[in-house]
Amino acid sequence: MLGLELTPEHPVDDLVELGTQAEREGYDSLFVSCHYNNRDPFAVLARLAAETEDIRLGPGVANPYELHPVTLAGKVATVAEASGGRGLLGIGPGDPSTLRNLGLEDERGLRSVLEAFKVAQKLWDGERVTHDGTFEATDAGLNFDVPGEVPVYVGGEGPHMCRMAGKHADGLLFNGSHPDDLAWAREQVDIGVEDRPDSRGEFTLAAYASVSVSEDAEAAREAARPPVAFITAGAAPPVLDRHGIDADRASDIGEKISAGAFSEAFGLVTPAMIDAFSMAGTPDDVADQMDAVLEHADGVVVGSPVGPDLEEAITLAAAAYRSTSRHR
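Below is a summary of the structure that appears in this document. One numbering rule holds for all chains: residues counted from 1, following each sequence as written. The predicted origin of the model limits local features to residues at a pLDDT of at least 70 and limits the giving and counting of side-chain atom pairs to 80 or more, whereas totals for whole chains, interfaces and linings rest on all residues. For the side-chain quantities, the full set of heavy atoms in the structure was used; hydrogens and water were omitted.

What follows is about empty space enclosed by the protein. To find the voids left in a structure, one rolls a probe of water-molecule size over its atoms. Of the grid points, spaced at 1 Å and generated over the protein atoms alone, those admitting a 1.4 Å probe that cannot get out make up cavities, while open sets with protein on both sides within 12 Å along at least five of seven lines make up pockets; any residue with an atom within 4 Å of a point is treated as lining. Grid points are joined across faces, edges and corners, and a volume is the space filled by probe spheres set on the points. Going through the model one piece at a time under the given rule, you end up with two cavities of 30 Å³ or more. Looking at the largest cavity, the residues that line it are Glu157, Phe174, Asn175, Gly176, Asp181, Ile231, Ala235, Val239, Arg242 and Phe277. Note that Gly is not counted as nonpolar here; it falls among the polar residues with everything else outside the nonpolar set of Ala, Val, Leu, Ile, Met, Phe, Trp, Tyr, Cys and Pro and the charged set of Asp, Glu, Lys and Arg. Residues of the lining of the largest cavity, tallied by class, amount to five nonpolar, two polar and three charged. Put simply, the second largest cavity is a space of about 40 Å³. Taken together, Cys34, His35, Tyr36, Asn63, Glu66, Thr98, Leu99 and Leu102 form the lining of the second largest cavity. Across the lining of the second largest cavity, the residue classes tally to four nonpolar, three polar and one charged.

Following this line, the structure appears as structure tokens:
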């Protein structure tokens, strides 16, 4: 997998241009990120479905709390129909810093993610569903056929979420950019894959990586500060410990993000955080970082910020991926 995350902090027309560029550059999957304070990802996906031909499209990563899971399934099914069977679903427990604003931080959990996509798969297969668990549905169904298979990728980084993905989903979008983290993720995924039925097919572990690439290394690293702040704030204590990052400083970053003090939060990001939680630098730097990650992962999703110049960075990141040893 070579995927790209588009963050709808930009106007929809600009995102569509970037998405069509990504298809020309050879990306095979396009995820539009889901945060209440950005533009609606499904509005963006509808436009992309009309203006692309081959690239797979879906939310990444949606959560089952802001929308009822049956409604989320219907929206993803609509993307699949509009794109001629190119839909996909990235689903996970959501970003704690933004869910805190909605009073949903305590709702995050593995069971709700698993139940949401299992019900979605039944709905996509044309079944009517009654469900009583982390959410309720009574005789719910879709009034249209869903073309193609809709692969489900779980977005997460905790051990239980990784193992659940290995057993039940089509792939894991592991929120990591460092080979040590992907090596650990592979160990967790393999535990789940041991219990995976053969009927579920192959499994893909993708590094859902914060990438910032530019010919100007310092500009690339500076552009990585905002996403690295969000990643650091949401990182579990063992991950922070693995990289020697101060947990209190990470907590301060999360509190400032929740309060909307973004500049202050970004200013707390250290070089060690950028090294741990992003692939940032020149194309050669990023290619080396991708190469190290691909020792453990099956692919990379190029995530925010991509680079200080988005158009240039989409091209540079794809070239970096193609120059890794796996693709030479």
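What follows picks up the thread again.
Think of it this way: any DSSP run of H or I at least four residues long counts as a helix, any run of E at least two long counts as a strand, and we number them from the N terminus. Take Glu107: it is sitting in the loop between helix H4 (96-99) and helix H5 (110-124). Residue burial is assigned from relative accessible area. The probe radius is 1.4 Å, only protein chains are included, and a residue is buried under 20% of its type maximum, exposed over 50%, and partly exposed in between. A relative accessible area of 47% places Glu107 in the partly exposed class. On a C-alpha basis, the gap between Glu107 and Gly94 in space is 9.7 Å, while along the polypeptide they are 13 residues apart.

Another aspect to go through is the pattern of salt bridges. The term salt bridge refers to a pairing of a side-chain nitrogen on Lys or Arg with a carboxyl oxygen on Asp or Glu at a separation within 4 Å. By the definition in use, this model includes nine salt bridges. Across the salt bridge formed by Glu51 and Arg47, the nearest N and O atoms sit 3.4 Å from each other. With Glu51 and Arg47 both in helix H2 (residues 41-51) and four residues apart, the pair spans about one turn of that helix. One salt bridge in this structure joins Glu264 and Lys256, with 3.2 Å as the shortest N-O distance. With a relative accessible area of 27%, Lys256 lands in the partly exposed category. When salt bridges that share partners are traced, they join Asp13, Arg47 and Glu51 into one network.

The residues that make up patches have over 30% relative accessible area and no salt bridge, and they are joined within 9 Å when like-charged or within 5 Å when they are Val, Leu, Ile, Met, Phe, Trp or Tyr. Each accessible area value is a Shrake-Rupley result obtained with a 1.4 Å probe; residue values ignore everything except the protein chains displayed when judging cover. Within this scheme the basic residues Lys and Arg register as positive and the acidic residues Asp and Glu register as negative, but His and the chain ends are omitted. In this description, the location of a charge corresponds to atom NZ of lysine, CZ of arginine, CG of aspartate or CD of glutamate. On the surface, Asp14, Glu17, Glu215, Asp284, Asp285, Asp288, Asp309, Glu311 and Glu312 cluster together to form a negatively charged patch. Among the secondary structure elements, those contributing two or more residues to the negative patch are helix H1 (12-25), helix H14 (283-293) and helix H15 (310-322). When residues in the negative patch are grouped by element, the largest group, three residues, is from H14. Considering the arrangement of structural elements, one finds Asp14 in helix H1.

We now examine the layout of surface pockets. In this structure, the second largest pocket encloses a volume near 380 Å³. For the second largest pocket, the lining is made up of 14 residues, of which Gln121, Asp125, Glu149, Val150 and Asp170 are closest to its centre. If one sorts the elements of the lining of the second largest pocket by residue count, H5 sits on top with three residues.

Two aromatic rings from Phe, Tyr or Trp, using only the six-membered ring of Trp, form a pair when their centres are within 6.5 Å; if the ring planes differ by under 30 degrees the pair is stacked, by over 60 it is edge-to-face, and anything between is tilted. Evaluation of the coordinates by the stated rule reveals five aromatic pairs. With a centroid separation of 6.3 Å and 45° between ring planes, the pair formed by Phe174 and Trp184 is classed as tilted. Residue Phe174 is located in strand S8 (residues 171-174), and its partner Trp184 is located in helix H7 (residues 179-193); the two are separated by ten residues in the primary sequence. Ring centres 6.3 Å apart and planes at 25° place the aromatic pair Phe230 and Phe262 in the stacked group. Remark: Phe262 occurs in helix H12 (residues 262-267) and Phe230 occurs in helix H9 (residues 225-234); sequence separation between them is 32 residues. The exposure class assigned to Phe262 is partly exposed, which follows from its relative accessible area of 31%. Of the aromatic side chains, those joined through ring pairs into one cluster are Phe31, Tyr153 and Tyr208.

All right, on to unusual backbone geometry then. In this structure, Val61 follows Gly60 across a cis peptide bond, with omega equal to 10°. Its place among the elements puts Val61 in the loop between strand S3 (56-59) and helix H3 (69-82). Each neighbour pair has its own omega, and for Ser304 with Pro305 the value is 10°, a cis peptide bond. Its identity as a non-glycine residue notwithstanding, Asp139 has a phi of 50°, on the positive side. Tracing the chain through its elements places Asp139 in strand S6 (residues 136-140). The phi dihedral of Val306 falls on the positive side, at around 75°, and the residue is not glycine.

Structural measurements only, silent on function.
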